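Survey of secondary and tertiary structure
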Amino acid sequence: MPVYFLEIIVVTLGLLMLMVDAFAKIEDKRSIAWIGMVGLLVVFGLLFAVKWPESADGAFWQFYSANDQISLFYKGIAVITTIIVLIMAVDFRHIVVAQTADPEKGAHPQSGLGEFFALPVFACAGLMLMASANNLVSIFVSLETVTITFYILVTYLRRNVGSLEAGVKYLILGALSTGFLVYGFAWLFGITGSMQLAEIASSLADPEVNSAAALFAFALILVALAFKVGGAPFHFWIPDVYQGAPTPITAFLSVGSKAAGFIIFLRLIGPFLASDVLAEKICLVLAAIAGITLIMGNLAAMPQKNFKRLLAYSSVAHAGFLLMALASAPTKSAVGSLSPAMVVTFYLGAYLLMTLLVFLVVTTVRNSIAGEEIDSYKGLAKRSPFLAFMLIIAMASLAGIPLTAGFYGKLFVFKMAADQGNWTLLIIGLIGAASGFYYYLKIAVPVFFATSSDDGSGEEISSIPVSAPARVAMIILTVAIIAVGVNPNLIITLFS
Amino acid sequence: MSILEIIVFLPLLAALAIGLGAPARFIALSASVLVLIMSLVSAIQFSTSIEGTMQMVSTRPLLEMDGFPSLSLSFGLDGISLVMLLLSAIVMLAAVLVSPKEEELERNPRLYYLSLLLIGGGALGAFCSTDLFFLYAFHELALIPTFLMIGIFGAGSDRLKTAWTITIYLGVGSLILLVGLILAVSGLGGSTFNIEELTALASESPMASQMQAWVFLLLLVGFGILVSLFPFHSWAAPAYAAAPTPVAMLHAGVLKKFGLYGIIRVALPFAPSGAEALLNVILFLLLGNIIYIGLVTIAQKSLDRMLGYSSVMHMGYIFLGLAAGNELGLSGAVLLMFGHGISIALLFAMSGWLREKYGTLDFDKLGGIGKQVPKLALIFGFAAFASAGLPGFANFAAEIEVFIGAFAGAEDGFGWIQWATIISLWGVVISAVYMLRAYRSIFMGPIPKKVEAPGDVGWNTRLPLLILLAALMAVGFVPEILNQYIRPAVMVILTAVG
């Protein structure tokens, strides 16, 4: 099956879900989500049956990279994320309905839920396209497909002020960053005369290239991309948006959007790094951004009291580690060192497992516990040992404890930095990782240490129900985290 | 599966089974009994006639990649790791035996035993690994369980603070260690994580001496934090005092030895000239452990803290053995790691029992209870003698070796190390002072009015105490039991160091 069929199938699936929502008279709109999940599972299977074109001559292949194993991996990340986001969305439906449904008579009691299930599928198609984009135009189009979908999804809880506020912030800043991106693209086109990444790379590798103009283009693009992946000092939207958005959408932003941002980052930075004139300066800028991101993300995460906000800063911190890998890209002469593409891709694979696991727990807990404050998790170990265990595994992995997937990610990054002699960055990274021990384990204090007698309210302790799909997903993710933590090859073979 | 793989994975699988709902104490107990039996079997199978190479090796390659050292899940034993394996297995069984029964725990008995098995299994894995990555990774397995154990089941009102202190302290230590290990592996060519191959590389094509000094310094600080080397010791005593008894036994008895094991197995062979350059620093720090911490120990007013500080203090002797850098000193250090591990576990087991029965461990609230608990008093006396280094116990044999090893070479003139040895000898006096003082204020003298007799130790507690005591005395009378394993392995390390 030709590779671009994948995106076509996903878009069709999204349209199908919308049609079912509009025309089929169904009582329980959860079935729309089931359609999406089953369809995406089929797409995931099809990822392994992809046939690459024999020649990449046609006009289409100027926009869509041919024969690119790593893009399949990123498509897989998009599909898995979307499936798990749909699982979370189903668990989250009561809150969506409560904050969107029309109180007028005659409306479907679950009106508004159908689109909440269908939109992530469209975003997924955009993410998949982004993984294969090899042209400034297709990069831009796919990026905006995703971003515009997210504008809607973040604001989805229209009767919730927090969600609206998050949406407006995201919209304004997102539009601004898009402006930077387009401006940068324009400069890049002006310097190289091409929209195609391969041709841009060969133009930039020319030692006669106008380096001032190229660096200006790079700076503009960097601003936009740092915004997308949450790199400091363009990360200020992240805590507010993550906290205000519906939790499944926060997870989607945190994993899908970040992964897609990084593949674009890798593709756009590649041409600049290939140039001897530019590489050194670019690595310096990247190192500075990585350092600030690590400091801001990790230190700001420590005092957080809201769990979603803490996860938002943690996502900034992880962006810092990923940028650290990019900033430690080996110079051309270095043979046999880790490639940033490999390290970033592995890191994102591991990051997907642990972040989605946390958000699955958060969404499930949210059904039984009213708040998202860290203190409101008091006594979770008693109410649901299963969830408490899942949470501690995910936190251990995020903190980078050995024998979990997160540790290898950090180890690869530190190894790269050490190989390149980036000592300052390495020390900042270590401080970041050390503070991670504190803020990730902080959640264990209310979950495990608080006794019910600390509560004082005398509330009856009930167990927390976990829906079957969420339970299955959590177990699969946990097993994957530990298995990858022992044998990283499980992920690496998927993309090399 | 090789016997070592079973030894390492059995506790982890048992922990999983407990997590899934199997009867906690029964599973934990059977797992640790099986581990001890298999460790003894591997000690019997271990051949002392083969010179020094790793035995019972099993290797499963995991990762071969450009720019990253090859990684494999591999286990193997030499004489030093065998002794550490035996120590871990014995202390783990004793720790499970003294743990309260499920119904005696107010909450979460599953988590209690699960954490215990993870801590023990991590130690077993670390000592059996011949791959640097897993040596590091298995040790870290204890980090979160320790945090949870102290936070949930610990004693004292500031246990939360203590739980954080030990977690952050050890977390930071392990990160420093990680950087040291990455540098060492990169400096040695960055082609493998296999410790034997790295050791061979280090003697064939050693790192530049400045690089060695950096690597050794990072490893010394990283491992030193785990060992509570002065001045990185401040986490240890409060943590042991707050921790539940079996955790204190495992941590002070076994996990702490991991840092020393790492110095012997990794830091010395990889960066020998770095070790030489920093020798005087080490001597200074170890005197800090022996003399300064020794005096701090004397000043303690409760048994648990005193034991905590005493275990910090004794690390100084082991460092002295390492600093000696000869066969006698190094094998004495390994033997002392075993002897100290067993004796401190024994002491913590009894202090835990006393805390539970009498509700306090303050010296001025206890007294004269020797009449109420004569059997415990007897065992405590033995353990105190062992800890103070009296003949008949493993610690004595080991300390003698350490002192003679460190003093060797005096005929060619007194160096720093000979002076350090002489000062260290005062540590023996200090140990005797605080141990005997503790014994007197707990077991002798008049009984304060408030103390009621709880009855002497039952077989539940007596059994683990006797197991530990037997190990201590067997090695004390016939040190050759362990020395036959230690000596060839030490020779290999010394040849590598050169």
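These numbers come from a predicted model, not from an experiment.

A tally of helices and strands in chain B yields 20 helices and 2 strands. Scaling as 2.2 N^0.38, a compact globule of 498 residues should have a C-alpha radius of gyration of about 23 Å, and chain B matches this with 21 Å. Principal axes of the C-alpha set define a box for chain B whose edges measure 70 × 60 × 45 Å. Out of the 498 residues belonging to chain B, those deemed buried represent 60%.

Looking only at helices and strands, chain A has 22 helices and 0 strands in total. Here the C-alpha atoms of chain A give a radius of gyration of 22 Å, agreeing with the 23 Å that 2.2 N^0.38 yields for 496 residues. Along the first, second and third principal axes, the C-alpha atoms of chain A reach 75 × 55 × 40 Å. Residues classed as buried in chain A amount to 57% of the 496 residues present.

Contact pair helix 17 (residues 405-420) of chain A / helix 7 (residues 159-187) of chain B: the axes reach a minimum separation of 10 Å and the direction vectors enclose 55 degrees. Classed by the angle they form, the pair helix 17 of chain A and helix 7 of chain B counts as oblique. The handedness of the crossing between helix 17 of chain A and helix 7 of chain B comes out as right-handed. From helix 17 of chain A, F414, K415, A418 and D419 of chain A reach across to helix 7 of chain B, where they touch I182, L183 and S186 of chain B. Its residues placed into classes, the contact of helix 17 of chain A with helix 7 of chain B shows 4 nonpolar, 1 polar and 2 charged.

A few words now on the interface of chain A and chain B. The interface is formed by 29 residues belonging to chain A together with 29 residues belonging to chain B. Elements with a contribution of two residues or more to the side of chain A that touches chain B: helix 16 (385-399), helix 17, helix 18 (423-441), helix 19 (444-449) and helix 22 (489-495) of chain A. Counting residues per element, the side of chain A that touches chain B draws most heavily on helix 18 of chain A, at 6 residues.

Moving on, we come to the packing of helix 11 (residues 247-273) of chain A against helix 13 (residues 307-327) of chain A. Two numbers describe a pair of packed helices, the interaxial angle and the distance between the axes. Residue and element names in this part refer to chain A. Following both chains from N to C, one finds helix 11 and helix 13 inclined at 15 degrees, their axes separated by 12 Å at the closest point. Comparing the axis directions of helix 11 and helix 13 gives the class roughly parallel. Helix-helix and strand crossings are classified by hand; for helix 11 and helix 13 the assignment is right-handed. Contacts from T247, T250, S254, K258, F262, F265 and I269 in helix 11 reach K308, S315, A319, L322 and L326 in helix 13. Its residues assigned to classes, the contact of helix 11 with helix 13 shows 6 nonpolar, 4 polar and 2 charged.

A word on the environment of I90 of chain B. Residues and elements named next belong to chain B. Relative to the helices and strands, I90 is located in helix 3 (residues 79-98). A tally of 27 C-beta atoms within 10 Å means that I90 is categorised as buried. Between the C-alpha atoms of I90 and L468, which are 378 residues apart in sequence, the distance is 7.2 Å. Leaving out residues up to four positions away in the same chain, I90 has contacts with L36, I342, I467, L468 and A471.

With that settled, consider helix 17 (residues 394-407) of chain B. Residues and elements named next belong to chain B. In this model, helix 17 (14 residues) spans 20 Å end to end at C-alpha, consistent with the 20 Å of a helix rising 1.5 Å per residue. Counting buried residues along helix 17, 12 of its 14 residues qualify, which places the element largely inside the surrounding structure. Turning to helix 17, its buried residues are A394, N395, F396, A397, A398, E399, E401, V402, F403, G405, A406 and F407. Elements that come into contact with the buried residues of helix 17 comprise helix 14 (303-324), helix 15 (327-358), helix 16 (374-388), helix 18 (416-443) and helix 19 (459-477). Following helix 17 by one or two positions, G409 adopts a phi angle in the positive range, close to 90 degrees.

Attention now moves to the environment of L346 of chain B. Residues and elements named next belong to chain B. Of note, L346 is situated in helix 15. Its 29 C-beta neighbours within 10 Å are what place L346 among the buried residues. A sequence separation of 74 residues divides L346 from P272, and the C-alpha atoms of the two residues are 35 Å apart.

With that out of the way, let us pick up the pairing of strand 2 (residues 68-77) of chain B. Residue and element names in this part refer to chain B. Across the 10 residues of strand 2, 8 count as buried, placing the element largely inside the fold. With 7 bridges connecting them, strand 1 (residues 55-65) and strand 2 associate as antiparallel partners. Across the sheet, the residue bridging to Q55 is L77, located in strand 2. Turn length for the strand 1-strand 2 hairpin, with the two strands adjacent in sequence and antiparallel, is 2 residues, and the turn residue G67 shows positive phi of about 80 degrees.

Residue P233 of chain A follows A232 of chain A across a cis peptide bond; omega there is 0 degrees. As for its position among the elements, P233 of chain A is in the loop between helix 9 (211-229) and helix 10 (237-244). Put simply, F230 of chain B and P231 of chain B share a cis peptide bond, and its omega is 0 degrees. Within the element layout of this structure, P231 of chain B appears in the loop between helix 9 (209-227) and helix 10 (236-242). Even without glycine at this site, L403 of chain A takes up a positive phi of about 70 degrees. With respect to the secondary-structure elements, L403 of chain A resides in the loop between helix 16 and helix 17. Given 21 C-beta atoms within 10 Å, L403 of chain A falls into the buried group. In this structure, S228 of chain B takes a positive phi of about 60 degrees despite not being glycine. Residue placement: S228 of chain B occurs in the loop between helix 9 and helix 10.

Let's shift gears to the environment of M474 of chain A. Residues and elements named next belong to chain A. Mapped onto the elements, M474 comes out in helix 21 (residues 468-486). For M474, a count of 25 C-beta atoms within 10 Å puts it in the buried group. For M474 and A214, which are 260 residues apart along the polypeptide, the C-alpha to C-alpha distance reads 46 Å. Apart from residues lying up to four places away in sequence, M474 is in contact with L357, L360 and M390.

When pLDDT is averaged across chain B, the result is 90; 100% of the residues are at 70 or more. Overall fold confidence (pTM) sits at 0.92, and the ipTM for the predicted complex is 0.90.

Right, let's talk about helix 5 (residues 132-140) of chain B for a bit. With 9 of 9 residues buried, helix 5 of chain B lies mostly within the body of the structure. Among the residues of helix 5 of chain B, those classed as buried are L132, F133, F134, L135, Y136, A137, F138, H139 and E140 of chain B.

Analysis parameters
- Each chain has its residues counted from 1, running along the sequence as written.
- Chains and ligands are labelled by the order in which they are written, letters from A for the one and numbers from 1 for the other.
- Confidence filtering applies because this is a predicted model: local features only for residues at pLDDT of at least 70, side-chain atom pairs given and counted only at 80 or more, and all residues used for totals across whole chains, interfaces and linings.
- Only DSSP runs of H or I reaching four residues or more are called helices, and only runs of E reaching two or more are called strands; each is numbered from the N terminus.
- Taken over C-alpha atoms, the radius of gyration is set against a globule rule of 2.2 Å times the number of residues to the power 0.38.
- We call a residue exposed when 12 or fewer other C-beta atoms sit within 10 Å of its C-beta, buried when the count reaches 20 or more, and partly exposed for counts in between; the C-beta positions come from the backbone.
- To get an axis, a line is fitted to the C-alpha atoms, and for a helix only the part in contact is used. The angle between two axes follows their N-to-C directions and goes from 0 to 180 degrees.
- Throughout this description, any angle smaller than 35 degrees is read as roughly parallel, any larger than 145 degrees as roughly antiparallel, any in the 65 to 115 degree range as roughly perpendicular, and the remainder as oblique.
- It is the rotation of the near helix from the far one that decides the hand of a crossing: anticlockwise by less than a right angle makes it left-handed, clockwise makes it right-handed.
- Contact between residues is assigned whenever the C-beta positions, reconstructed from backbone atoms, fall within 7 Å.
- Think of it as three bins: nonpolar holds Ala, Val, Leu, Ile, Met, Phe, Trp, Tyr, Cys and Pro, charged holds Asp, Glu, Lys and Arg, and polar takes everything else, Gly as well.
- The span expected for a helix works out to 1.5 Å for each residue beyond the first.
- In this scheme, strands are said to pair when DSSP sees at least two bridges between them.
- Summary of the metric used: pLDDT quantifies the predictor's per-residue confidence within the range 0 to 100.

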